[in-house]
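Topology and contacts: notes
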Amino acid sequence: MTSPEHRRPGTGRRAHRDRHGRGLRGRLVPATVPLARTKAEIFDDLVLDTVETLERRFAKELAGVEFAVEDVPPDLNVYDSDVLEDGEVPLARLLPGRPGRQEMPPRIVLYRRPLEFRAMDREDLADLVHDVIIEQVANLLGVDPDELA
């Protein structure tokens, strides 16, 4: 039997801070090294950069527009004309707003995985994300994409 000072309250076992008795772990990454970012976080930053640039230029027109990122498109057999496709794979979707009782603002949804699959590197992905957002915003506003770029 162990002495009372080594017991955990409510149990008859010795108290340990971890399996090997070495105490709690320190930082996983040294303070001088930036933490790693996931692909999803990097993608979100690329979308945010493009959207912020567009919102500075077209604040009034994009005031109520929502931008969203989903990993993959929903599994549908046929896509409407509001979907930007590459072959058979959707890259983004424009959901026009609905006025009325259940008012819904316009929404542009980008699909992360299909866009990442088509990019060779991070710079190529940034260009692709920019182009897709420009295309969707142009469709929403009814203008030529070249006017926005």
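As annotated in an unreviewed UniProt entry, the chain carries the name Metallopeptidase family protein and comes from Micromonospora lutea.

Okay, the layout of surface pockets next. Roughly 230 Å³ of volume is contained in the largest pocket. Mapped by element, the contributors of at least two residues to the lining of the largest pocket are helix 1 (39–57), helix 2 (112–118) and helix 3 (122–141). In terms of residue count, the dominant contributor to the lining of the largest pocket is helix 1 (three residues). Classifying every residue of the lining of the largest pocket by side-chain character gives five nonpolar, no polar and five charged.

On to the pattern of salt bridges, then. Inspection of every chain in the model, using the stated rule, returns two salt bridges. Its salt-bridge partner being Asp 71, residue Arg 112 comes within 3.0 Å of it at the nearest N-O pair. Taken together, the residues span a long stretch of sequence, with Arg 112 in helix 2 and Asp 71 in the loop between strand 1 (66–70) and strand 2 (83–86) at a distance of 41 residues. Accessibility expressed as a relative area gives 43% for Asp 71, which makes it partly exposed. Arg 112 is paired through a salt bridge with Glu 116; the nearest N and O atoms lie 3.0 Å apart. With a gap of four residues between them, Arg 112 and Glu 116 both fall in helix 2, about one helical turn apart. With respect to burial, Arg 112 and Glu 116 carry one shared label: buried. Several salt bridges converge on common partners, so that one network encompasses Asp 71, Arg 112 and Glu 116.

A grouping of Asp 121, Glu 123, Asp 127 and Asp 131 is seen on the molecular surface, where their side chains present a negatively charged patch. Within the element layout of this structure, Glu 123 appears in helix 3. With relative accessibility at 62%, the residue Glu 123 sits in the exposed group.

What follows concerns the environment of Glu 55. Among the secondary structure elements, Glu 55 is positioned in helix 1. With ten residues separating them in the primary sequence, Glu 55 and Val 65 have C-alpha atoms 9.8 Å apart. Look past the residues within four positions of Glu 55 in its chain and what remains in contact with it is Leu 62 and Phe 67.

Now for the sheet that holds strand 3 (residues 89–95). With mixed pairing, the four strands of this open sheet are ordered in space as 1-4-3-2. Edge positions in the sheet fall to strand 1 and strand 2, since each of these pairs with one other strand and no more. Recorded for the sheet is a direction-independent mean angle of 15° between the axes of neighbouring strands. When strand 3 meets strand 4 (residues 107–111), the two strands line up antiparallel, connected through four bridges. Paired with Leu 94 across the bridge in strand 4 is Ile 108. Against the sheet, helix 1 contacts strand 1 and strand 4, and its axis sits at roughly 165° relative to strand 1.

Moving on, we get to the side chain of Thr 50. By the element assignment, Thr 50 lies in helix 1. Given a relative accessible area of 8%, Thr 50 falls into the buried group. For Thr 50, the contacting residues outside a window of four places in its chain are His 130 and Ile 133.

Rules used throughout
Residues numbered from 1 in each chain as written. Predicted model: local features only at pLDDT ≥ 70, side-chain atom pairs only at ≥ 80, totals over all residues. Heavy atoms only, no water. 1 Å grid on protein atoms, 1.4 Å probe; cavity = no way out; pocket = protein on both sides within 12 Å on 5 of 7 lines; lining within 4 Å. Points joined across faces, edges and corners; volume = space filled by probe spheres on them. Helix = DSSP H or I, 4+ residues; strand = E, 2+ residues; numbered from the N terminus. Nonpolar A, V, L, I, M, F, W, Y, C, P; charged D, E, K, R; others polar. Salt bridge = Lys/Arg side-chain N within 4 Å of Asp/Glu carboxyl O. Buried < 20%, exposed > 50% of the residue type's maximum accessible area, 1.4 Å probe, protein only. Patch = residues over 30% accessible without salt bridge, like charges linked within 9 Å, V, L, I, M, F, W, Y side chains within 5 Å. Areas by Shrake-Rupley, 256 points an atom, 1.4 Å probe, with all protein chains shown as cover. Lys, Arg positive; Asp, Glu negative; His and termini not counted. Charge placed at Lys NZ, Arg CZ, Asp CG, Glu CD. Contact = heavy atoms within 4.5 Å. Pairing = 2+ DSSP bridges. Axes fitted to C-alpha atoms, helices over the stretch in contact; angles between N-to-C directions.

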